[in-house]
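Letter by letter, the chains look like this.
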Amino acid sequence: MLFAAACGRSSANANANANSQSQVIDVTTARAVIHQIPSYFEATGSLASDESTDVAPTIAGKIVEVNFDVGSYVAKGSVLVRLDARDARLRLEQAQAGAEQARKAVDSATAAVRQAQAKLGVPVGSHFSIDEFPQVRSLKANLLLAETELTRAENLFKTGDISRSILDQRRATRDSLAGQLADARANAQVAEKAISSAQAQESAAKAAVASAEAQVDQAKKAVNDTAILAPISGFVSERTADPGEYVSPSVPNSKIATIMRTSTLRMKIEVPEQSIELVKQGQSISLQTSAYPERSFTGKVTRISPSLNATARTLTVEADVPNPDGALKPGQFATVRITKSTPEN
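Residues numbered from 1 in each chain as written. Predicted model: local features only at pLDDT ≥ 70, side-chain atom pairs only at ≥ 80, totals over all residues. Heavy atoms only, no water.

## Thoughts on the overall build of the chain
- The number of helices and strands found in the chain is four helices and twelve strands.
- The burial tally for the chain puts 30% of its 345 residues in the buried class.
- The long-range fraction of contacts in the chain, counting pairs at least 24 apart against all pairs at least 6 apart in sequence, stands at 76%.
- Of the roughly 21,900 Å² of accessible surface on the chain, 52% is carried by carbon and sulfur atoms. (Helix = DSSP H or I, 4+ residues; strand = E, 2+ residues; numbered from the N terminus. Buried < 20%, exposed > 50% of the residue type's maximum accessible area, 1.4 Å probe, protein only. Contact = heavy atoms within 4.5 Å. Areas by Shrake-Rupley, 256 points an atom, 1.4 Å probe, with all protein chains shown as cover.)

The following block contains the structure:
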């Protein structure tokens, strides 16, 4: 029995030794590499909307329709409020009627100009000249011929080749043509004034058309302005408009709504004076709010104030923070970590 027990212990020890000898541990080596560890400093700040605008009417009128409320999302160009457009449409119709009358006046004035030009034989669109007036041109030619014949007659009278009566006839013909030419020039001047007067009336009528069309455009704008549109896309943070209310742009504080764009927020950070050299545009930031203590939001420094707050001795820095799900709200306070531009080894 003793011998069997001894043999048993010897066999167990042998197995233990064999197991310990069969365990092999692989060991690998690697070259040491130096990595830069990003470092950061903390600051505090508050969130603000990327863009905020007050919406106000451009014309006066009574509100007949309101299509938004506080918290509503509105798209740029959507109708927020409609004003009663009946007066604006009436003024538009009156302006359009006035413009039509002015156009008819232009047509009449143009017809008068062409009629005056036709009487004088002046082509449409050409410049009127007294010397080019047909009667004046004909008489000038006849007068020139008469003066030539008179000169010839005077020379012949001196040589005794013609009698004085013939000379007197030539002189009378010349004087008659000279008088007729003077009358023709006077008539042409009257005609010229008639054309100028008709052209002036035409120009005045065209100016009246331009003025009337400007009034039509203004009336159309007034009709369009009865629909007050959202200037930006965003959420409504304030509403001061109700149906039946009369609004006017001349009244102080005439806004009907405030719209904020929150898809991207601005993080306004107050950086202590001793840390301003560590802040650069393009640096990454992370922030946390008390509303989401387990969630971290990221952004980038985009704007740096050129001067410090003389009282607090801090530099205002703005970072753009994407907010696609709308979790962050303008006005929230946050703790910010700004990654230093030069990491530590």
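## Things to note about the pairing of strand 6 (residues 234–239)
- Pairing geometry for strand 3 (residues 73–74) and strand 6, over two bridges, is antiparallel. Across the sheet, the residue bridging to Tyr73 is Phe235, located in strand 6.
- Note that strand 6 and strand 8 (residues 257–272) share four bridges and pair antiparallel. When the sheet's bridge partners are listed, Phe235 is paired in strand 8 with Met260. (Pairing = 2+ DSSP bridges.)

## Things to note about the environment of Ala178
- Along the chain, Ala178 turns up in helix 4 (residues 164–225).
- Assessed through its relative accessible area of 32%, Ala178 is described here as partly exposed.
- When the C-alpha positions of Ala178 and Lys140 are compared, they lie 8.3 Å apart, and in sequence the two are 38 residues distant.

## Considering the pattern of salt bridges
- For the structure on display, the rule yields 22 salt bridges.
- Between Arg261 and Glu51 there is a salt bridge whose closest N-O contact spans 3.0 Å. With a gap of 210 residues between them, Arg261 in strand 8 and Glu51 in strand 1 (residues 40–55) connect regions that are remote in the sequence.
- Note on Glu51: relative accessible area 31%, which makes it partly exposed.
- Among the ionic pairs, Asp168 bridges to Arg171, the shortest N-O distance being 3.6 Å. Taken together, the residues Asp168 and Arg171, both in helix 4 and three residues apart, mark about one turn of the helix. (Salt bridge = Lys/Arg side-chain N within 4 Å of Asp/Glu carboxyl O.)

## Some thoughts on the side chain of Thr258
- Within the element layout of this structure, Thr258 appears in strand 8.
- We classify Thr258 as buried; its relative accessible area is 6%.
- In terms of polar contacts, Thr258 uses its side chain to reach the side chain of Asp54, at 2.8 Å.
- At 3.3 Å, the side chain of Thr258 and the side chain of Lys255 are in polar contact. (Polar contact = N/O pair within 3.5 Å; in protein donor to acceptor, adjacent residues only side chain to side chain.)

## Section: the sheet that holds strand 7 (residues 246–247)
- Pairing in this open sheet of four strands is antiparallel, and the strands run 5-4-2-7 from one edge to the other. On the outer flanks of this sheet lie strand 5 (227–229) and strand 7, each paired with one strand and no other.
- Where strand 2 (residues 61–66) and strand 4 (residues 79–83) come together, three bridges link them in antiparallel fashion. Looking at strand 4, one finds that Glu65 is bridged to Arg82.

## Notes on the nonpolar core
- Formed by 21 residues in total, the largest nonpolar core has its most connected members in Met267, Ile269, Ile285 and Leu287.
- At the level of secondary structure, the elements contributing two or more residues to this core comprise strand 1, strand 8, strand 9 (284–289), strand 10 (292–309), strand 11 (314–322) and strand 12 (333–339).
- If we skip the residues at most four places from it in the chain, Met267 touches Gly45, Ser46, Leu47, Leu287, Val317, Glu318, Ala319, Val321, Ala334 and Val336.
- Membership of the second largest hydrophobic core comes to 18 residues, among which are Val55, Val74, Leu80 and Val81. (Core = buried A, V, L, I, M, F, W, Y, C linked by side-chain atoms within 4.5 Å.)

## What about the confidence of the model for the chain?
- Of the residues in the chain, 85% have a pLDDT of 70 or more, and the chain-wide mean is 84.
- Within the chain, strand 4 carries the highest mean pLDDT (96), whereas helix 1 (residues 2–22) carries the lowest (48).
- Here residues 1–10 is modelled with pLDDT under 50, and outside its nearest four sequence neighbours on either side it reaches zero contacts, counting other chains as well. (pLDDT = per-residue confidence, 0-100.)

## A short note on unusual backbone geometry
- At Asn253, a residue that is not glycine, the phi angle is positive and equals roughly 55 degrees.
- Topologically, Asn253 is positioned in the loop between strand 7 and strand 8.
- Classification of Asn253 as exposed rests on a relative accessible area of 68%.
- If you check the backbone angles, Arg313 has positive phi at about 55 degrees while not being a glycine.
- Within the element layout of this structure, Arg313 appears in the loop between strand 10 and strand 11.

## Section: the pairing of strand 10
- Relative to strand 10, strand 9 is paired through five bridges, and the arrangement is antiparallel. The partner of Ser286 across the bridge, within strand 10, is Thr298.
- Where strand 9 folds back on strand 10, the antiparallel hairpin that results is connected by two residues.
- Pairing between strand 10 and strand 11: six bridges, direction antiparallel. Note on strand 11: the bridge partner recorded for Lys300 is Asp320.
- The antiparallel pairing of strand 10 with strand 11 creates a hairpin that spans four residues between the two strands, and Arg313 there sits at a positive phi of about 55 degrees.

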